[in-house]
Number of protein chains: 2
Amino acid sequence: MALPYTNCFRLPRISTRCHLSVTPIRAQRAVSRVFACLKTSDPAIHREAKVGPLLDRIKWDDKGLVVAIAQNVDTGAVLMQGFANREALLTTIFSRKATFYSRSRSTLWVKGETSMNFINICDVFLDCDRDSIIYLGKPDGPTCHTGSETCYYTSVDEVLNDPQNDCNTLALTTLYSLESTICKRKEEISSNFDSRPSWTKRLLLDNKLLCSKIREEADELCRTLEENEDPSRTASEMADVLYHSMVLLAQKGVKVEDVLQVLRLRFQQSGIEEKSCRNK
Amino acid sequence: MALPYTNCFRLPRISTRCHLSVTPIRAQRAVSRVFACLKTSDPAIHREAKVGPLLDRIKWDDKGLVVAIAQNVDTGAVLMQGFANREALLTTIFSRKATFYSRSRSTLWVKGETSMNFINICDVFLDCDRDSIIYLGKPDGPTCHTGSETCYYTSVDEVLNDPQNDCNTLALTTLYSLESTICKRKEEISSNFDSRPSWTKRLLLDNKLLCSKIREEADELCRTLEENEDPSRTASEMADVLYHSMVLLAQKGVKVEDVLQVLRLRFQQSGIEEKSCRNK
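Keep in mind that this is a model prediction, so the values were computed, not measured.

1. Remarks on the interface of chain A and chain B
Move 1: Counting residues at the interface gives 115 residues for chain A and 115 residues for chain B.
Move 2: The contact between chain A and chain B buries some 9900 Å² in all, and 64% of this surface belongs to carbon and sulfur atoms.
Move 3: Ranking the residues of chain A by area buried against chain B places A:Leu160, A:Leu225 and A:Lys252 at the top, with a combined share of 8%.
Move 4: Linking chain A to chain B there are eight salt bridges.
Move 5: The partner of A:Asp157 in a salt bridge is B:Arg96, and the shortest N-O contact between them spans 2.9 Å.
Move 6: Among the elements that take part in the side of chain A that touches chain B, helix H9 (residues 231–252) of chain A stands out by supplying 15 residues, more than any other.
Move 7: Classifying every residue of the side of chain A that touches chain B by side-chain character gives 61 nonpolar, 24 polar and 30 charged.

Listed below in structure tokens is the structure:
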């Protein structure tokens, strides 16, 4: 395969002596080292000096800040939201670790400098107004200080339905909401929880049935192409393939995020190989 | 199948006479109608009055605002970021249309009230500090005023590599970055763009090969369960199933988002059926 997959996990484009180790140094020291890098005569560093004009174009608010949203590159989960000033963004771009400005402590902080749960940056994106940024990256572990995967675990609908609930419903998008439901069914089986039967449980209890369904659904997906069926049939059959495959993943204890990481690393590698071929 | 899938697209829990039509009424009028609803004697409305204590718990900043991030429930894409005051959040919760407070115009605005590209809310999530919220929903169309799917289309890495580029790289997570690459390969074929061959192109040019690969990879995924292989093999084979199936989707002009919408609506329906059974 030779797919370029160049948006994610680019290698740092600054020389190794400029590569910031933010563990366990303080964030302010990290910034000093970034500026030290910018003063060298290394051509790679001069290329990085382009960052100045970029930072000048950002619409910092009256406190010199923009909203910074950290997002998991594989799952799309919004991990946390903080603020960045010029130094925080500069540090993030060069160190490839998500860095924020703490308004309460009036200082930079590298997410993970205490917990070691860094967010490893793939790329940073600006919005159309240039006053909001996304730190797209891969977290080393749970992002929230509570140990939760993300900071967004209080569902307004849940609170309104039951104000006494424990507010522990992560903001999950479709694929991960389905994954969560499948995992709950698996837990119900292993804990002999008495609930009504479900198709997911039948599949989890019968590997032969599960595998025959996966092969059958894959075949039906292919036939939508071979027999020139309507695209809506393709979407429906692909949904079946995904759902049944996800039951198998749950059965094997594999997360969808693990699969996406495999895909990302695989296509990142083929992207590097493709670039290398072009340069020959 | 009887999977509950209750996190998304809950039916509005207020009576139909309270269901806000935000098209084309002005947002301020929408708020008035919300408050009018709260004054009725309908028990369903009184239940909704629980929203007051919830709003009281939010840490509004010195301007009475919190950061509000709109996220696509199916793809996980961060669509836009704005701010919400108490009225904007209240309107969003009741009307199920993402509503913000415009700091420049000092007024509420329902996203889509002009463009008709509303963001239909599934749920709202608060972060651990209760000063940042996610509007998790399904957009009717492009979110950005530029016509872009999301407002985040300027990649810092792209700008630093080539400051003259057209800044049109969406912040895509792994699955959608791969989908974008596959679609580019398809466009290269149809435009006879002279680039080096790739496995994706071979698959796109040979439906028989593509379908045989999908069936083969589905079989290999199943064998990781049947033959008790290591979970890392399962992740790898599932990555193969996903990639090859996504090439078929591209061949048929079907988006991954379409498939996820099928899954969401299907499991929302089974969730409603399950609840209905429980209430019998």
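There is more to say, and it comes next.
2. A few points about the side chain of B:Lys252
Move 1: Looking at where B:Lys252 falls in the secondary structure, it is placed in helix H9 (residues 231–252).
Move 2: Nearest to the buried, unbridged B:Lys252 among oppositely charged side chains is A:Asp230, at 7.4 Å.

3. Some details on the pattern of salt bridges
Move 1: If you walk through the whole model with that rule in mind, you get 30 salt bridges over all chains.
Move 2: With its nearest N and O atoms 2.6 Å apart, the salt bridge here joins A:Arg266 to B:Asp240. Remark: B:Asp240 occurs in helix H9 and A:Arg266 occurs in helix H10 (residues 256–278); the pair is interchain, linking two chains.
Move 3: Of the residues examined, B:Asp240 reaches a relative accessible area of 12% and is grouped as buried.
Move 4: Note that B:Asp74 is salt-bridged to B:Lys138, the shortest N-O span being 2.6 Å. Of this pair, B:Asp74 sits in the loop between strand E1 (66–72) and strand E2 (78–84) while B:Lys138 is found in strand E6 (residues 132–139), placing the two residues 64 residues apart along the sequence.

4. Some words on the pairing of strand E3 (residues 99–102) of chain A
Residues and elements named next belong to chain A.
Move 1: As paired strands, E3 and strand E4 (residues 107–110) are joined by four bridges and run antiparallel to one another. Pairing of Thr99 across the sheet is with Val110, part of E4.
Move 2: Linking E3 back to E4 in an antiparallel pair, the connection comprises four residues, with Ser106 at a positive phi of about 50°.

5. A closer look at the environment of B:Thr181
Residues and elements named next belong to chain B.
Move 1: Mapping Thr181 onto the fold places it in helix H6 (residues 174–190).
Move 2: Take Thr181: its relative accessible area is 7%, and that puts it in the buried class.
Move 3: Residues Thr181 and Thr200, spaced 19 residues apart in sequence, show a C-alpha to C-alpha distance of 9.2 Å.

6. Details of unusual backbone geometry
Move 1: Look at A:Met116: it is not a glycine, yet its phi comes out positive at around 70°.
Move 2: You can see A:Met116 is positioned in the loop between E4 and strand E5 (119–127).
Move 3: Located in the positive-phi region is B:Arg96, a residue other than glycine, with phi close to 60°.
Move 4: Looking at where B:Arg96 falls in the secondary structure, it is placed in the loop between helix H4 (86–95) and strand E3 (99–102).

7. Structural notes on the relation of the copies chain A and chain B
One copy of the chain maps onto the other through a rotation about an axis followed by a shift along the same axis.
Move 1: Between chain A and chain B, which share one sequence, the superposing operator has a rotation angle of 180° and an axial displacement of 0.0 Å; the RMSD is 0.0 Å. Classification of the inter-copy transformation places it as that of a two-fold axis. The C-alpha atom lying nearest the rotation axis in chain A is that of A:Gly76; the distance is 2.4 Å.
Move 2: A share of 100% of interface residues in chain A that are also interface residues in chain B marks the association as one of identical surfaces.

8. As for the sheet that holds E2(B)
For sheets, the rule is that strands pair by backbone hydrogen bonds, running either parallel or antiparallel.
Move 1: With respect to topology, five strands assemble into an open sheet ordered E7(A)-E5(B)-E6(B)-E1(B)-E2(B), the strand pairing being mixed. With partners counted over all chains shown, the strands left at the sheet margins are strand E7 (152–155) of chain A together with E2 of chain B, one partner each. The mean inter-strand angle of the sheet, taken between neighbouring strand axes irrespective of direction, is 35°.
Move 2: Bridge count between strand E5 (residues 119–127) of chain B and E6(B): seven bridges; the pairing is antiparallel. Paired with B:Phe125 across the two strands is B:Ile134, which belongs to E6(B).
Move 3: In the packing of H4(B) onto the sheet, contacts are made with E2, E5 and E6 of chain B, and the angle to E6(B) comes to roughly 35°.

9. Structural notes on helix H4 (residues 86–95) of chain A
Move 1: With eight of ten residues buried, H4(A) lies mostly within the body of the structure.
Move 2: Three or more residues of H4(A) are buried, namely A:Ala88, A:Leu89, A:Leu90, A:Thr91, A:Thr92, A:Ile93, A:Phe94 and A:Ser95.

10. A closer look at the sheet that holds strand E1 (residues 66–72) of chain A
Move 1: One open sheet holds the five strands; their spatial order is E2(A)-E1(A)-E6(A)-E5(A)-E7(B), and the pairing between them is mixed. Looking at the sheet topology across the chains shown, the edges are occupied by strand E2 (78–84) of chain A together with strand E7 (152–155) of chain B. Adjacent strand axes in the sheet meet at a mean angle of 35°, parallel and antiparallel pairs treated alike.
Move 2: Here E1(A) runs beside E2(A); their pairing, made up of six bridges, is antiparallel. When the bridges of E2(A) are listed, A:Ala68 appears paired with A:Gly82.
Move 3: Lying on the sheet, H4(A) is in contact with E2, E5 and strand E6 (132–139) of chain A; it crosses E6(A) at an angle near 35°.

About the thresholds
- Residues numbered from 1 in each chain as written.
- Chains lettered and ligands numbered in written order.
- Predicted model: local features only at pLDDT ≥ 70, side-chain atom pairs only at ≥ 80, totals over all residues.
- Heavy atoms only, no water.
- Contact = heavy atoms within 4.5 Å.
- Buried area = accessible area lost by both parts, 1.4 Å probe.
- Salt bridge = Lys/Arg side-chain N within 4 Å of Asp/Glu carboxyl O.
- Helix = DSSP H or I, 4+ residues; strand = E, 2+ residues; numbered from the N terminus.
- Nonpolar A, V, L, I, M, F, W, Y, C, P; charged D, E, K, R; others polar.
- Buried < 20%, exposed > 50% of the residue type's maximum accessible area, 1.4 Å probe, protein only.
- Lys, Arg positive; Asp, Glu negative; His and termini not counted.
- Pairing = 2+ DSSP bridges.
- Least-squares fit on C-alpha atoms with pLDDT ≥ 70 in both.
- Axes fitted to C-alpha atoms, helices over the stretch in contact; angles between N-to-C directions.

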